[in-house]
Amino acid sequence: MTKKIIEIKNLSKNFVNNGSKITVLRNINLKIETGKVIAILGPSGSGKSTFLHLISLLDAPTNGKIFIFGKSITDINDEEKNKLIREDISIIFQNNNLLSDFTALENVAMPLIIRDEKYKKSILIAEKFLKKVNLGHRLNHFPSDLSGGEQQRVAIARALIAETKIILADEPTGNLDNKNAKDIFSYFLKLREKNKIILIATHNRELAKKADYALSISDGDIKRANV
Ligand SMILES: Nc1ncnc2c1ncn2[C@@H]1O[C@H](COP(=O)(O)OP(=O)(O)OP(=O)(O)O)[C@@H](O)[C@H]1O
Ligand SMILES: [Mg+2]
């Protein structure tokens, strides 16, 4: 069995804005193996979020294909797509995307509840994951009553609880202090043992150095980068 679970072929992504075309990604070819933490670097506006959104199936390429577990995600039907999103891919959004009417515990439990796990059991597991991100003391807070960094840690716990093979993290430590950023990053590094793929878009070079390797997006191209 191949260890490469994400394969990208001739991938391009354009946006059209006010009639003018923006080419964000141009003819990208890439293979990503399991058991790796990979930092995605590049200046603001270079396409890091766009790249993660394409892999997470939130957006579709203009050209080219993305294969996950050997299947082209542009060619599978909606049912297969939803299954992939529910079971195999987690994304931590740059802006958190927490549900404002639900507590921290309920937000974190949501991926399990969506999979038809029992509510009580999901909440108990959510508590465990909130403790892992140092939020055991904020379980019943609503997002609006949490600091930016705390909200970010809730979003991280929500992605981790799903235990998916692929974790896409879009600047997950952007709002965090040094200690919490390091703790979260160490946790991502530990997940390598579970043979996951972890892609982390970040502006933090210190953390990127700890990744297995870094990719840098620049002028539509993605290349291996030295950090
Ligand atoms: N829906 C859209 N319509 C038009 N242009 C878009 C759209 N989404 C993104 N862009 C443009 O694509 C480029 C890449 O955006 P993206 O959000 O991927 O950058 P990024 O590398 O994540 O930046 P940052 O570090 O600031 O988060 C930007 O120039 C942005 O303005
Ligand atoms: Mg971004």
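*Asks:* Talk me through a positive patch on the surface; I want residue IDs and the actual numbers.
*Replies:* Among the surface-exposed residues, Lys 128, Lys 132, Lys 190 and Lys 194 lie close enough to one another that they form a single positively charged patch. Position of Lys 132 among the secondary structure elements: in helix H4 (residues 119–132). A relative accessible area of 38% means that Lys 132 is categorised as partly exposed.

*Asks:* Give a description of the coordination of the magnesium ion (ligand 2) that names residues and reports values.
*Replies:* Ideal geometry at a metal centre gives angles of 109.5 degrees when four donors are arranged tetrahedrally and 90 or 180 degrees when six donors are arranged octahedrally. Surrounding the magnesium ion (ligand 2) are the protein donor atoms Ser 49 (OG) and Gln 94 (OE1), which sit 2.0 to 2.3 Å from the metal. Note that Ser 49 is positioned in helix H1 (residues 48–55) and Gln 94 in the loop between strand E6 (89–92) and helix H3 (104–114), a separation of 45 residues in sequence. We classify Gln 94 as partly exposed; its relative accessible area is 41%.

*Asks:* Which residues make up the packing of aromatic side chains, and what values do they have?
*Replies:* The geometry of an aromatic ring pair comes down to the distance between the two centres and the angle between the two planes. Using the criterion set out here, one finds zero aromatic pairs in the structure. The cationic tip of Lys 132 hangs over the ring face of Phe 129; the distance from NZ or CZ to the ring centre is 5.2 Å. A cation over an aromatic ring shows up here: Arg 224 above the ring of Tyr 213, its NZ or CZ 3.6 Å from the ring centre.

*Asks:* Talk me through the pattern of salt bridges; I want residue IDs and the actual numbers.
*Replies:* Per the counting criterion, the structure on display carries twelve salt bridges. With a closest N to O distance of 3.8 Å, Glu 7 and Lys 31 form a salt bridge. Residue Glu 7 is located in strand E1 (residues 4–17), and its partner Lys 31 is located in strand E2 (residues 20–33); the two are separated by 24 residues in the primary sequence. Taking relative accessible area as the criterion, Glu 7 reaches 23% and is therefore assigned partly exposed. Overall, the relative accessible area of 49% leaves Lys 31 in the partly exposed class. A salt bridge links Glu 206 to Lys 209; the nearest nitrogen and oxygen atoms lie 3.4 Å apart. We classify Lys 209 as partly exposed; its relative accessible area is 48%.

Reading guide: rules and limits
- Residues numbered from 1 in each chain as written.
- Chains lettered and ligands numbered in written order.
- Predicted model: local features only at pLDDT ≥ 70, side-chain atom pairs only at ≥ 80, totals over all residues.
- Heavy atoms only, no water.
- Patch = residues over 30% accessible without salt bridge, like charges linked within 9 Å, V, L, I, M, F, W, Y side chains within 5 Å.
- Areas by Shrake-Rupley, 256 points an atom, 1.4 Å probe, with all protein chains shown as cover.
- Salt bridge = Lys/Arg side-chain N within 4 Å of Asp/Glu carboxyl O.
- Lys, Arg positive; Asp, Glu negative; His and termini not counted.
- Charge placed at Lys NZ, Arg CZ, Asp CG, Glu CD.
- Helix = DSSP H or I, 4+ residues; strand = E, 2+ residues; numbered from the N terminus.
- Buried < 20%, exposed > 50% of the residue type's maximum accessible area, 1.4 Å probe, protein only.
- Donors = N, O, S within 2.8 Å, 3.2 Å for Na, K, Ca; no water.
- Phe/Tyr/Trp six-rings, centres within 6.5 Å; stacked < 30°, edge-to-face > 60°.
- Lys NZ or Arg CZ within 6 Å of the ring centre and 35° of its normal.

Note that all results are geometric; they support no functional claim without further evidence.
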